[in-house]
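Below are the chains, spelled out letter by letter.
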Amino acid sequence: MPEPKTRVPAMAGEGPLSYAIFELARAHRGRAAAMLRRMDLHPGQELLLMHLLDRDGQTQSELLDAVGIDHSTVSKSLRRMQEAGLVVREPAEHDRRVMVVHLTDKGRAMREPLAAMWRDLEATSTQHLSTQQTETFVRDAYAVIDAISDRARPHEEPT
């Protein structure tokens with residue numbers, strides 16, 4: 001097992017996996033944030049764009065459920081994205097209280113730059129891993145996500 005390049009506090013020994021996840025998330029988020037800044041995006045906006053690129057015209061509630069971020073953060077991100085000309089928000093025909101989010105031409109034009117950024121981030125993140133290691137890591141990461149999200153039932157055996 002490779003040794004961490006930064007000093008690990010002694011108490012992290014009580015949860016070495018959890019500390020490694022924390023460090024991984026921090027490093028990955030930092031790299032992604034730097035890449036997004038070059039695209040004039042804030043972290044999290046790329047996820048909203050990805051979901052809208054999959055299916056344009058979602059409600060704010062649907063986007064909130066899709067990205068799993070709190071309401072105020074999604075609202076703030078969408079407001080910034082609207083100010084940047086990436087999306088428009090308009091009341092739904094069926095209920096004027098419900099806001100529907102649509103991509104603008106500028107938002108739709110983010111498809112390839114976002115895909116390229118995601119490919120670059122993936123290549124950087126996996127450069128020291130084999131294909132098998134990457135596949136195992138992804139599978140194990142989702143198993144941890146299921147465990148801490150309480151999505152897996154306790155009596156189910158992991159596959």
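From a predicted model like this one, the values you see are computed outputs, not experimental measurements. (Residues numbered from 1 in each chain as written. Predicted model: local features only at pLDDT ≥ 70, side-chain atom pairs only at ≥ 80, totals over all residues. Heavy atoms only, no water.)

Chemist: Go over the packing of aromatic side chains, please, and point to the residues and values.
Modeler: Scanning the model with the defined rule gives one aromatic pair in all. Geometrically, the ring pair formed by tyrosine 19 and phenylalanine 22 is tilted, given 6.3 Å between the ring centres and 40° between the ring planes. In this pair, tyrosine 19 and phenylalanine 22 both sit in helix H1 (residues 16–37), three residues apart, roughly one turn of the helix. (Phe/Tyr/Trp six-rings, centres within 6.5 Å; stacked < 30°, edge-to-face > 60°. Helix = DSSP H or I, 4+ residues; strand = E, 2+ residues; numbered from the N terminus.)

Chemist: How would you sum up the pattern of salt bridges? Please name residues and give values.
Modeler: Here the idea is simple: oppositely charged side chains can pair when their charged atoms come close. On inspection of all chains with the given rule, the structure shows seven salt bridges. Close ionic contact of arginine 119 with glutamate 112 constitutes a salt bridge, the shortest N to O distance being 2.6 Å. Relative accessible area serves as the criterion here: at 46%, glutamate 112 is assigned to the partly exposed category. (Salt bridge = Lys/Arg side-chain N within 4 Å of Asp/Glu carboxyl O. Buried < 20%, exposed > 50% of the residue type's maximum accessible area, 1.4 Å probe, protein only.)

Chemist: Which residues make up the side chain of glutamine 58, and what values do they have?
Modeler: Along the chain, glutamine 58 turns up in strand S1 (residues 58–59). Residue class for glutamine 58 comes out buried when judged on its relative accessible area of 5%. A polar contact of 3.0 Å, which involves the side chain of glutamine 58, links it to the backbone oxygen of arginine 55. Filtering out sequence-adjacent residues up to four positions away, glutamine 58 remains in contact with His51, Leu52, Leu63, Met99, Val100 and Val101. (Polar contact = N/O pair within 3.5 Å; in protein donor to acceptor, adjacent residues only side chain to side chain. Contact = heavy atoms within 4.5 Å.)

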